[in-house]
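Topology and contacts: notes
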Amino acid sequence: MGRVYGGKERAPDRAGRGGARADLVLTAPQDRVPLLFIKVDNCHETAEELAAKLEKYDRFFRRTVKDTDGKERPMRRTRWTASANRYGDVPHPPVLLVFNHIGERNPNRTIPRLQELTRHLWQGDRQREGPTSTTGRSRSSRSG
């Protein structure tokens, strides 16, 4: 399955006080998942609270530090190693948000509001590349 960080204890992020905290972090390069952050919501938080947490992930993914060779690297690479792919460190690793319907909030009502609040994090900018259009934050596959 890969290597799982976290479990009972939260996986630290080294982002300092107020940083994003994943419930689990998974690395499974053999399955083409170099790094995956997993956040579990037990339906106790509002869409606004969840959006604030996703903003923290975005800030954390943008943070850089100087490596031992003096080059700027994403801070996440100081904690989690992930095999380099053809995109290098350019795209942010995905955050999987899992709704565990234990609490009284209905995730079907939370999700549309969360989409509105976080659209700027995942939508990207349209770019024209030959016969297909892609967004700045996601890959699209060419067809036909």
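For the structure itself, look to the data block above.
Residues numbered from 1 in each chain as written. Predicted model: local features only at pLDDT ≥ 70, side-chain atom pairs only at ≥ 80, totals over all residues. Heavy atoms only, no water.

**Let's talk about the side chain of aspartate 23**
- Relative to the helices and strands, aspartate 23 resides in strand E2 (residues 22–28).
- You can call aspartate 23 buried: its relative accessible area is 12%.
- Separated by 2.6 Å, the side chain of aspartate 23 and the backbone nitrogen of valine 40 make a polar contact. (Helix = DSSP H or I, 4+ residues; strand = E, 2+ residues; numbered from the N terminus. Buried < 20%, exposed > 50% of the residue type's maximum accessible area, 1.4 Å probe, protein only. Polar contact = N/O pair within 3.5 Å; in protein donor to acceptor, adjacent residues only side chain to side chain.)

**A few points about the nonpolar core**
- Core analysis: the biggest nonpolar cluster contains 15 residues, and Phe37, Tyr57 and Leu114 have the highest contact counts within it.
- Those elements giving two or more residues to this core turn out to be E2, strand E3 (33–41), helix H1 (47–62) and helix H2 (107–122).
- In terms of residue count, the dominant contributor to this core is H1 (seven residues). (Core = buried A, V, L, I, M, F, W, Y, C linked by side-chain atoms within 4.5 Å.)

**Observations concerning the environment of arginine 59**
- The topology assignment puts arginine 59 in helix H1.
- Expressed as a C-alpha distance, the spacing of arginine 59 and alanine 20, which sit 39 residues apart in the sequence, is 8.5 Å.

**Points about the packing of aromatic side chains**
- Counted according to the given criterion, the structure contains five aromatic pairs.
- Measuring from ring centre to ring centre gives 6.5 Å for phenylalanine 37 and phenylalanine 60, while their planes differ by 80°; the resulting arrangement is edge-to-face. Placement of the pair is phenylalanine 37 in strand E3 and phenylalanine 60 in helix H1, with a sequence separation of 23 residues.
- Among the residues examined, phenylalanine 37 registers a relative accessible area of 2% and is labelled buried.
- Chaining the aromatic ring pairs together yields one cluster made of Phe37, Tyr57, Phe60 and Phe61. (Phe/Tyr/Trp six-rings, centres within 6.5 Å; stacked < 30°, edge-to-face > 60°.)

**Overview of the pairing of E2**
- Most of E2 sits inside the fold, with six of its seven residues counted as buried.
- As paired strands, E2 and E3 are joined by four bridges and run antiparallel to one another. Bridging across to E3, leucine 24 finds its partner in isoleucine 38.
- Here E2 folds back onto E3 in antiparallel fashion, the turn holding four residues, of which arginine 32 has a positive phi close to 60°. (Pairing = 2+ DSSP bridges.)

**Things to note about the packing of H1 against H2**
- Where H1 meets H2, the axes come as close as 9 Å, and the angle between the chain directions of the two elements is 30°. In this view, H1 runs roughly parallel relative to H2, as classed from their interaxial angle. For H1 against H2, the interelement crossing comes out right-handed. Across the interface between the two elements, Ala47, Glu48, Leu50, Ala51, Leu54, Glu55 and Asp58 of H1 pack against Thr110, Arg113, Leu114, Leu117, Thr118, His120 and Leu121 of H2.
- When grouped by side-chain class, the residues that make up the contact of H1 with H2 number seven nonpolar, three polar and four charged. (Axes fitted to C-alpha atoms, helices over the stretch in contact; angles between N-to-C directions. Parallel < 35°, antiparallel > 145°, perpendicular 65-115°, else oblique. Left-handed = near helix turned anticlockwise from the far one by under 90°. Contact = heavy atoms within 4.5 Å. Nonpolar A, V, L, I, M, F, W, Y, C, P; charged D, E, K, R; others polar.)

**Looking at the pattern of salt bridges**
- According to the stated counting rule, one finds seven salt bridges in the structure shown.
- Here aspartate 58 makes a salt bridge to arginine 62, at a shortest N to O gap of 3.1 Å. In this pair, aspartate 58 and arginine 62 are both assigned in helix H1, four residues apart and thus about one turn of the helix distant.
- Through salt bridges with shared partners, a single network forms among Asp23, Lys39, Glu45 and Lys53. (Salt bridge = Lys/Arg side-chain N within 4 Å of Asp/Glu carboxyl O.)

**Focus: the pairing of E3**
- Bridge count between E3 and strand E6 (residues 95–99): five bridges; the pairing is parallel. In the strand pairing of E6, lysine 39 is matched with leucine 97.

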